Amino acid sequence: MAGVMAQRVLLAEDEPNIVESLRFLLERAGYAVDVRDTGTAALETVLTDPPDLLILDVMLPEVDGFEILRQVRGSKSAATVPVLMLTAKGQREDRERAMSCGADLFISKPFGNSELIEAVGKLVGQTGSSAAPAGAGASLPAE
């Protein structure tokens, strides 16, 4: 795969354990991962240097995930970036709000590693034919 650029995932998450688990999982699956731990930093990054995928936690310091999503969808530079929202708040109203704001997918924590990698692959246009990483059945801890 020499010469092929890895697809870039921007992970907007403030929980260190989740960040490290997701970074490891995504990098192992071949993605380049960039992390922002505040809503302000995530929004600035996605608008100035749009990634191939935004994984967005709902509950972020400074600016919440719903507001980030609204601004991303209203921007010229990043409106088409696929957005996967992650949250410990799995209530139906949160899911409906995320989808109405323009999220492509919504996954509640905790989730299975294979579920996340499959969702990421779908959103960045991969076929999902690659093998899941070892330990893909394990779940990440809840926030």
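Keep in mind that what you see is a predicted model, and the values were worked out from it rather than measured.

The rules behind each value
- Residues numbered from 1 in each chain as written.
- Predicted model: local features only at pLDDT ≥ 70, side-chain atom pairs only at ≥ 80, totals over all residues.
- Heavy atoms only, no water.
- Helix = DSSP H or I, 4+ residues; strand = E, 2+ residues; numbered from the N terminus.
- Buried < 20%, exposed > 50% of the residue type's maximum accessible area, 1.4 Å probe, protein only.
- Contact = heavy atoms within 4.5 Å.
- Areas by Shrake-Rupley, 256 points an atom, 1.4 Å probe, with all protein chains shown as cover.
- Pairing = 2+ DSSP bridges.
- Axes fitted to C-alpha atoms, helices over the stretch in contact; angles between N-to-C directions.
- Arc of directions from axis to C-beta.
- Right-handed = clockwise from strand over helix to strand, strands pointing away.
- Polar contact = N/O pair within 3.5 Å; in protein donor to acceptor, adjacent residues only side chain to side chain.

Asker: Now, about the overall build of the chain: what can you tell me, with residues and values included?
Answerer: If you tally the helices and strands in the chain, you get five helices and five strands. Counting helices and strands in the order they occur from the N terminus, the chain gives β-α-β-α-β-α-β-α-β-α. Of all 143 residues assigned to the chain, the portion counted as buried reaches 43%. In the chain, 65% of the contacts between residues at least 6 apart in sequence involve partners at least 24 apart. When the accessible surface of the chain is split by element, carbon and sulfur atoms take 51% of a total near 7,100 Å².

Asker: How would you sum up unusual backbone geometry? Please name residues and give values.
Answerer: Residue Lys 109 is joined to Pro 110 through a cis peptide bond whose omega torsion reads -10°. With respect to the helices and strands, the residue Pro 110 is situated in the loop between strand E5 (105-108) and helix H5 (113-123). Residue Glu 62 is not a glycine yet carries a positive backbone phi of 80°. By secondary structure assignment, the location of Glu 62 is in the loop between strand E3 (53-57) and helix H3 (65-73). Judged by relative accessible area, Glu 62 falls into the exposed class, the value being 61%.

Asker: Residues and numbers for the sheet that holds strand E1 (residues 8-12), please.
Answerer: An order of E2-E1-E3-E4-E5 is seen for the five strands of this open sheet, with the pairing classed as parallel. Across the chains shown, the open sheet's two edge strands, defined by having one partner strand only, are strand E2 (32-36) and E5. Between one strand axis and the next, the sheet turns through 20° on average, direction left out of account. When E1 meets E2, the two strands line up parallel, connected through five bridges.

Asker: Go over helix H4 (residues 92-101), please, and point to the residues and values.
Answerer: Every buried residue of H4 is listed here: Asp 94, Ala 98 and Cys 101. Down the axis, H4 shows its buried residues gathered within 70° of arc, on one side only. In H4, those exposed residues whose orientation departs by more than 90 degrees from the buried face are Arg 92, Glu 93 and Ser 100. Turning to H4, the residues buried within the fold contact H3, strand E4 (83-87) and E5. The first or second residue beyond H4 is Gly 102, which carries a positive phi of 115°.

Asker: I'd love a proper account of the side chain of Thr 87, names of residues and values included.
Answerer: Mapped onto the secondary structure, Thr 87 falls in strand E4. When residues no more than four places from it in sequence are discounted, the contact partners of Thr 87 are Asp 57, Val 58, Phe 106, Ile 107, Ser 108 and Lys 109.

Asker: So what's going on with the pairing of E3? Residues and values would help.
Answerer: In terms of burial, E3 is largely enclosed, as five of its five residues are buried. Residues Leu 53, Ile 55 and Asp 57 point to one face of E3 and Leu 54 and Leu 56 to the other, with burial holding for every one of them. Judged from the four bridges that link them, E1 and E3 form a sheet pairing that is parallel. Bridge pairing in E3 places Ala 12 opposite Leu 56. Where E3 and E4 come together, four bridges link them in parallel fashion. Across the sheet, the residue bridging to Asp 57 is Leu 86, located in E4. Where the polypeptide runs from E3 across H3 and back to E4, its parallel neighbour, the crossover connection is right-handed.

Asker: I'd like a rundown of the side chain of Glu 13, residues and numbers included.
Answerer: Among the structural elements, Glu 13 can be located in the loop between E1 and helix H1 (16-28). Judged by its relative accessible area of 0%, Glu 13 is buried. A polar contact of 3.0 Å, which involves the side chain of Glu 13, links it to the backbone nitrogen of Glu 15.

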